[in-house]
Each structure stands twice: as structure tokens, then as C-alpha cells.
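# Overview (structure and organization)
Next come the chains, spelled out residue by residue.
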Amino acid sequence: MHNTPMTMRSSPDENPSPQPTPLADALHRPMHDLRISLLDQCNFRCPYCMPEAEFHSEYEFLKRQQRLTYDEIVRVARAASRLGVSKIRLTGGEPLLDKNVCDLIERIAVLPGVEDLALTTNGALLAPIAEKLALAGLQRVTISLDSLDKEIFRIMSGGRGDLDAVLAGIKAADAAGLGPIKINVVVQKSVNDDGVLDLLEHFRGTGIIVRLIEFMDVGNRNGWRLNQVVPSRELLARIQKRWPMRAIGKNYPGEVARRYEYVDGAGEMGFISSVTAPFCGDCSRARLSADGKLYTCLFANQGTDLRESLRNGADDDELQQILTSIWLQRADRYSELRRPEIAEHHVLQKVEMYRIGG
Ligand code: SAM
Ligand code: SF4
Ligand code: SF4
């Protein structure tokens, strides 16, 4: 069942330099991006992702032997790059809790076909390691920062975050050339939406790109309610009153953020509007959890266990065939089909965000 060919070659007579046929899923979407979650643990407890009440001191995270080794991660990354993945992002949990992450970056950065290697972090541990990350071959970082107000930031990190450390991390990443840096802001009504303009003001003109993300119904543990979502169009209207903006095009097909630039030349910002303006039609992302499950959607209820295949001796061709088979069957479009009244009841089994990293 895993032997569907991923490339089709014509005979030399027909075509002297055959091009591989790009792998496309059931909805004609290529596999361009791979997000790799290094571990499921985190030093924060953001209530929209890992609420403390659920992820308490007794919570059992993956044990070391349950997580993929670097050798296993590199094998999956290499197989994916052979199937057309050119963008790889390391994430978590909190990827910088992995003290050896630079060793892994060095190995992924040199894989043929990998053109873009990025990492998403909450920024708390970033400042001391930013330069080493860049030297290892990391190209860009995305840093999550929900508020510049110390108290709101503290609440949104589950009482664990230190705003100054995150700001120092952003500065160090900028100095290390890990840009263009993006700042992810999850916007929740009556929690941090009033601080959005302050965040934009802080980063305007710096080259750092703020992206305002609608609070999503990922997983089943964050108590998502539609009335906690601030639709991006509402935020845009508020922002436009302060700074005129104009829409700009995508950097590449499959980019999820809708980009805007300040008319006064102070740079760009963006919206990720999974709830009010889903973008499944372009979604080219595969996600690998720390225990080696491959998910084809952020809202998937199950993944395919690659760890078992890897540990049972699958060779590179077999691994490639497994990935091919998974992708060919992919028909996910959760956000386009979402019914908020059902999502609010959290009855559908969905993978948790901290396991696959957004
Ligand atoms: N710990 C790292 C961090 O926070 O940047 C990486 C993993 S985190 C799961 C990746 C991204 O997912 C973060 O930018 C976070 O804000 C976002 N995220 C988590 N839960 C979310 C939710 N319910 N809705 C929207 N974005 C969410
Ligand atoms: Fe941790 Fe990131 Fe989730 Fe916050 S969003 S709890 S920092 S994994
Ligand atoms: Fe992609 Fe699934 Fe999100 Fe749609 S809902 S954009 S398929 S991850």
C-alpha cells in the first residue's frame, strides 16, 4: 500500500531532462513545509495552549526514549526534502529546552533541498543561544509574545514568563541575523486585544514583523470559545484608524499570513485568521510530533506512527514511500469545515498544539 511512485520519469526519447512530478495531496496541495516538534515540554503554561490546571506537576510528558532521536529526525527530514519539502521549522513545546538543538540544526541545515530553516520559540531562553543558533545554520526565528504589559504577559504565559528575557531574546536574535524576525501574537478578547496597538508601535520601523493570530480551537484542553476570538477584520479596522495600511501579496504560495504594510513606510505586519478566513486551500504543511507521529493537519485526530517504522528498520526508500502514501491520501480542511458551535464543546478528538507546535 505504500508503493505509489512519487516521481514519474518519461523515457529519454520523450524528455532528455525529466522533472520529478511534484507530490500533491487529494486536494492538489504540495508538501512544502515540515514542522518538527522536538519535545512536548514547555517552560510556560500559556492558558490557550497548556493550561496549568491540565499540565500540572504530575502531568506525564514523553520520556526520552519515546522521543525521536536526532538520527531519526534527520532521516524523516531528509525523506521529506526528497519529496519536495524545502521549508523546515523546529518547534515544540519549547524547542530551546533541548540543550543540544544546535547539533540538530547543523545536520538539517545541510540537507539538500532545505532552503529555509526556522525555529519558533517563546523567547525566554533565546538571548544566550541566539548567536550559536545562527552559526549552526538556523536562518530565522519566530518569537511568541502576546503583550508588552508585564502583568498581561505574565498571565498569558501561565505565570512563568519574564517579559524582559523575551525582549532580550528578540534583540539577540536580531543582532545574530536570525531574521526577518516574526513575532506571533495570539489575540484573545478582553485579555490582550487592547495591547495590540502597543505591540505594533513597538516593532514598527524595526524590520520585525508582528503577526496577529486568531485564538484557535486547537486540541481539547484550552476551553476555546468563539466569543474569545477577535476577528482579524476588527483588528485591522482598529489599526487602520491609527496607521493607514495596504494589503500586500504573498511571499510564496501557501503562506498563511495575510500581509499588510504601513503606508508611511514603517514596514509590514500580518494576520493569521484560521477562524474567520481559513486558508486550507493552500496548506502545504506536514507536522512531526516529538514521538514520531506525522500529522497532516493542525486539527487532526490522529497521526501516522513513523517511529515504529524507523525502529523496525525501514530504509530510506520505505520511509519515503510511507510519507508519499500519507500525503497522497491527505484531504484535511478542518478550518474550512469548522462549526464553532461544535468546536466549543470540544468533543472531537484533536491533537494538542503543544505536541505539534503550531
Ligand atoms: N513554545 C513555542 C512558542 O510558543 O513559540 C513553540 C510552540 S507554540 C505551540 C507555537 C505557536 O502556537 C506559538 O506562537 C503560540 O502562540 C501558538 N499557539 C498555541 N496555542 C494557540 C491557540 N490556541 N491559538 C492560536 N495560536 C496558538
Ligand atoms: Fe509553551 Fe509555546 Fe504552548 Fe506557550 S504556546 S505553552 S510557550 S508551547
Ligand atoms: Fe492546514 Fe488543517 Fe489548518 Fe486547514 S485546518 S490550514 S488543512 S492545518
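This section reports on the structure supplied with the text. (Residues numbered from 1 in each chain as written. Chains lettered and ligands numbered in written order. Predicted model: local features only at pLDDT ≥ 70, side-chain atom pairs only at ≥ 80, totals over all residues. Heavy atoms only, no water.)

### Describing the pattern of salt bridges
The cut-off we apply is this: A pair is scored as a salt bridge if a Lys or Arg side-chain nitrogen falls within 4 Å of a carboxyl oxygen belonging to Asp or Glu. The numbering of helices and of strands both runs from the N terminus, where a helix is a DSSP run of H or I of at least 4 residues and a strand a run of E of at least 2.
Here the structure, examined in full by the defined rule, presents 26 salt bridges. A salt bridge links Asp264 to Arg204; its shortest N-O distance comes to 2.8 Å. Here Arg204 lies in the loop between α6 (196–203) and β6 (209–214) and Asp264 lies in the loop between β8 (258–262) and β9 (268–272), a separation of 60 residues in the sequence. Linked through salt bridges whose partners overlap, the residues forming this network are Asp25, Arg29, Arg330 and Asp332.

### Re the packing of aromatic side chains
In plain terms, the rule: Only Phe, Tyr and Trp rings are paired, with Trp represented by its six-membered ring, and only when their centres lie within 6.5 Å; those with planes under 30 degrees apart are stacked, over 60 edge-to-face, the remainder tilted. Using a 1.4 Å probe on the protein chains alone, a residue whose accessible area is under 20% of its type maximum counts as buried, one over 50% counts as exposed, and one in between counts as partly exposed. Here, over-ring charges are defined by two tests on the NZ atom of lysine or the CZ atom of arginine: distance to the ring centre within 6 Å, and angle to the ring normal within 35 degrees.
Considering all chains together, one arrives at six aromatic pairs under this definition. Geometrically, the ring pair formed by Trp243 and Tyr262 is edge-to-face, given 5.8 Å between the ring centres and 85 degrees between the ring planes. Linking Trp243 in the loop between α7 (232–242) and β7 (245–248) with Tyr262 in strand β8, this pair joins segments that are 19 residues apart in sequence. Side by side, Trp243 and Tyr262 carry an identical accessibility label, which is buried. Between Tyr260 and Phe271, the ring centres sit 5.6 Å apart and the planes meet at 85 degrees, which makes this aromatic pair edge-to-face. Within this pair, whereas Tyr260 is found in strand β8, its partner Phe271 is found in strand β9, the two being separated by eleven residues in sequence. Phe271 carries the same exposure label as Tyr260, and that label is buried. One aromatic cluster is present, formed by Phe55, Tyr59 and Phe61 through successive ring pairs. Directly above the aromatic system of Tyr252 lies the positively charged group of Lys87, at a separation of 4.1 Å from the ring centroid.

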